[in-house]
Amino acid sequence: MAPPRKERSNRMENNKRPETMARINTPALAEAFINEQVEAIRAQVGDKKVLLALSGGVDSSVVAALLIKAIGKQLVCVHVNHGLMRKGESEQVIEVFGKQMDANLVYVDATDRFLDLLAGVSEPEKKRKIIGGEFIKVFDEEAAKQQGVAFLAQGTIYPDILESDGVKAHHNVGGLPEDMQFELVEPLRLLYKDEVRMVGDALGLPHSMVYRQPFPGPGLGVRCLGAITRDRLHALREADAILREEFHNCGLAGKVWQYFIAVPDMKSVGVKDSKRYEGWPAIIRAVNTTDAMTATIEEIPYEVLHRITDRITAEVPGINRVLLDLTPKPVGTIEWE
Ligand code: XMP
């Protein structure tokens, strides 16, 4: 999640990576970084509380683990479940941070708030605005309930700073309010993604969290095309979980940059149990890229495609066809939206 722009412009002098800074590419270097940051965080924060919006993505998870090591329960993690998470994601946040790390975790299930607001809204930009705006509201409400918070932690990483006016800028619907009166704690702000992952590994976070594929802030909201309905969102989430499981089983999960299902708001006729069965298509998208500006298509073996198709059509209520998107970027964007 990117920092509010106003704050960012005031901090430019601290945001330049020194040329002498070694790339963190070994566990020993990650340990050294962690020890150094633990000291720096303690010095900055003192006995005050720090608030963090914990999405469960790589960056916010690594920041959370680092801060928990440094200041324990002085960190208040707020996980907002907007109802558009992938299957198992919020549960993993609760398991890893709430249970295993015994963090001060506030879990807010705001599914109904988001889905009620999104009902009947089909225009992509409107959907994004609603999701972003409501996220800020929910987070604000939780922040107001906390006493003694003086700092806001954020998982800003170096590419966010370098690209603050580039491709990611219009994507950051999950940005926090401009008028929050907190000083920022951004311990990862000079690190590249591979370094953040090294640090996450060294902090003992699960592999599935540290090597998670990119996932947009508005979540499944950009993949449940048109006006979101609960039944189609459920179908999308289940189909996506099957795709991820099968990619994991055949070794594609560690190789493909981003892979997911999109479900359009249209039905076609099919047959199930000898009866007419109208259902939605599940569209598979699996792409490789280095910077998300262009992308190529992963060649998925037909055997795997057949297995995924068989499972999705058999196991997911409402889906009666599985399609494969073969369009590189450009012309297609990575997300359907
Ligand atoms: P497109 O669809 O523009 O996506 O080719 C490029 C990359 O950006 C991701 N994406 C987002 N990431 N917040 C994010 O952090 C967002 O709102 C958002 N929307 C798209 C997309 O998944 C792809 O990796």
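Thresholds, definitions, all that
Residues numbered from 1 in each chain as written. Predicted model: local features only at pLDDT ≥ 70, side-chain atom pairs only at ≥ 80, totals over all residues. Heavy atoms only, no water. Helix = DSSP H or I, 4+ residues; strand = E, 2+ residues; numbered from the N terminus. Expected span 1.5 Å × (residues − 1). Buried < 20%, exposed > 50% of the residue type's maximum accessible area, 1.4 Å probe, protein only. Salt bridge = Lys/Arg side-chain N within 4 Å of Asp/Glu carboxyl O. Axes fitted to C-alpha atoms, helices over the stretch in contact; angles between N-to-C directions. Parallel < 35°, antiparallel > 145°, perpendicular 65-115°, else oblique. Left-handed = near helix turned anticlockwise from the far one by under 90°. Contact = heavy atoms within 4.5 Å. Nonpolar A, V, L, I, M, F, W, Y, C, P; charged D, E, K, R; others polar. Core = buried A, V, L, I, M, F, W, Y, C linked by side-chain atoms within 4.5 Å. Pairing = 2+ DSSP bridges. Polar contact = N/O pair within 3.5 Å; in protein donor to acceptor, adjacent residues only side chain to side chain.

A.B. asks: Explanation requested: helix H3 (residues 58–71) in the structure shown.
C.D. replies: Taking 1.5 Å as the rise per residue, H3 with 14 residues should run 20 Å; its terminal C-alpha atoms sit 20 Å apart, in good agreement. In terms of burial, H3 is largely enclosed, as 13 of its 14 residues are buried. Count one or two residues on from H3 and you reach Gly72, which has phi positive near 50°.

A.B. asks: Explain unusual backbone geometry to me, please; I cannot follow it from the model alone.
C.D. replies: Leaving glycine aside, a negative phi is the common case for residues, and trans is the common case for peptide bonds. With an omega of -15°, the peptide bond running from Lys329 to Pro330 counts as cis. Of note, the bond from Pro330 into Val331 is cis; its omega dihedral lies within 30 degrees of zero at 20°. Note that Val331 resides in the segment after strand S10 (319–324). A positive phi is found at Asp102, a non-glycine position, where the angle reads about 50°. Of note, Asp102 is situated in the loop between helix H4 (89–100) and strand S3 (104–109). On the basis of relative accessibility, which here comes to 46%, the residue Asp102 falls in the partly exposed class. The phi torsion at Ala292 lies on the positive side, around 70°, for a residue other than glycine.

A.B. asks: What should I look at first to understand the pattern of salt bridges in this one?
C.D. replies: Side-chain pairs of opposite charge can arise whenever the charged atoms involved come near each other. According to the stated counting rule, one finds 26 salt bridges in the structure shown. Ionic pairing is found between Glu315 and Arg311, a salt bridge with its closest N-O pair at 2.8 Å. Here Glu315 pairs with Arg311, and both are found in helix H11 (residues 302–315), just four residues apart, close to one helical turn. Each of Glu245, Glu246, Glu303, Arg307, Arg311 and Glu315 takes part in one network of salt bridges that share partners.

A.B. asks: How should I be thinking about the packing of H3 against helix H8 (residues 193–202) in this particular structure?
C.D. replies: Pairs of packed helices are described in terms of their axes, by the angle between the two and the distance that separates them. It is at 10 Å that the axes of H3 and H8 come closest, and there the two elements cross at 45°. Classified by the angle between their axes, H3 and H8 sit oblique to one another. H8 is crossed by H3, and the crossing has left-handed handedness. Touching Val58, Asp59 and Val62 of H3 are Lys193, Val196, Arg197, Val199 and Gly200, all from H8. Of the residues in the contact of H3 with H8, the class split is four nonpolar, one polar and three charged.

A.B. asks: Explain H11 here, please?
C.D. replies: Note: α-helices contain 3.6 residues per turn, so residues at a spacing of three or four share the same orientation. The end-to-end C-alpha separation of H11 is 20 Å, in line with the 20 Å expected for 14 residues at 1.5 Å each. In this structure, the buried residues of H11 make contact with helix H10 (230–249), strand S6 (258–262), strand S8 (275–288) and S10.

A.B. asks: Help me understand the nonpolar core, please; the structure alone is not making it clear to me.
C.D. replies: The tendency in soluble globular proteins is for nonpolar side chains to be buried as a group. By size, the foremost hydrophobic cluster in this structure holds 49 residues, and its most contacted members are Leu51, Phe247, Ile261 and Ile312. The element contributing the most residues to this core is H10, with seven residues. When residues no more than four places from it in sequence are discounted, the contact partners of Ile312 are Ala239, Ile242, Ile261, Ala282, Ile319 and Val322.

A.B. asks: Whenever I open this one, the sheet that holds strand S2 (residues 75–81) confuses me. Can you help?
C.D. replies: Backbone-to-backbone hydrogen bonds pair the strands of a sheet. The strands run either parallel or antiparallel. Taking strand neighbours across the sheet as the criterion, the five strands line up as S3-S2-S1-S4-S5 in an open arrangement whose pairing is parallel. Single-partner strands in this sheet number two, and they are S3 and strand S5 (183–185). Taking the axes of each pair of neighbouring strands and ignoring which way they run, one obtains an average angle of 30° across the sheet. Inspection of the sheet shows strand S1 (residues 49–53) paired to S2 by four bridges, in the parallel sense. Bridge pairing in S2 links Ala53 to Val78.

A.B. asks: Please clarify how the packing of helix H5 (residues 111–118) against helix H6 (residues 124–145) should be interpreted in this entry.
C.D. replies: In the contact formed by H5 and H6, the axes pass within 10 Å of each other and the chain directions differ by 150°. Here H5 is positioned roughly antiparallel relative to H6, judged by the angle of their axes. The interaxial crossing formed by H5 with H6 has right-handed handedness. Residues Arg113, Phe114, Leu117 and Leu118 of H5 pack against Lys127, Ile130, Ile131, Glu134, Phe135, Lys137, Val138 and Glu141 of H6.

A.B. asks: Got a minute to help me understand the side chain of Asn320 in this structure?
C.D. replies: Structurally, the position occupied by Asn320 is in strand S10. In terms of polar contacts, Asn320 uses its side chain to reach the backbone carbonyl oxygen of Ser268, at 2.9 Å.

A.B. asks: Got a minute to help me understand the pairing of S6 in this structure?
C.D. replies: Looking down a regular strand, the side chains alternate between one sheet face and the other. With five of five residues buried, S6 is to be regarded as a mostly interior element. The side-chain alternation of S6 yields two buried faces, one formed by Gln258, Phe260 and Ala262 and the other by Tyr259 and Ile261. When S6 meets S8, the two strands line up antiparallel, connected through five bridges. Residue pairing for S8: Tyr259 is matched across the bridge by Ala286.

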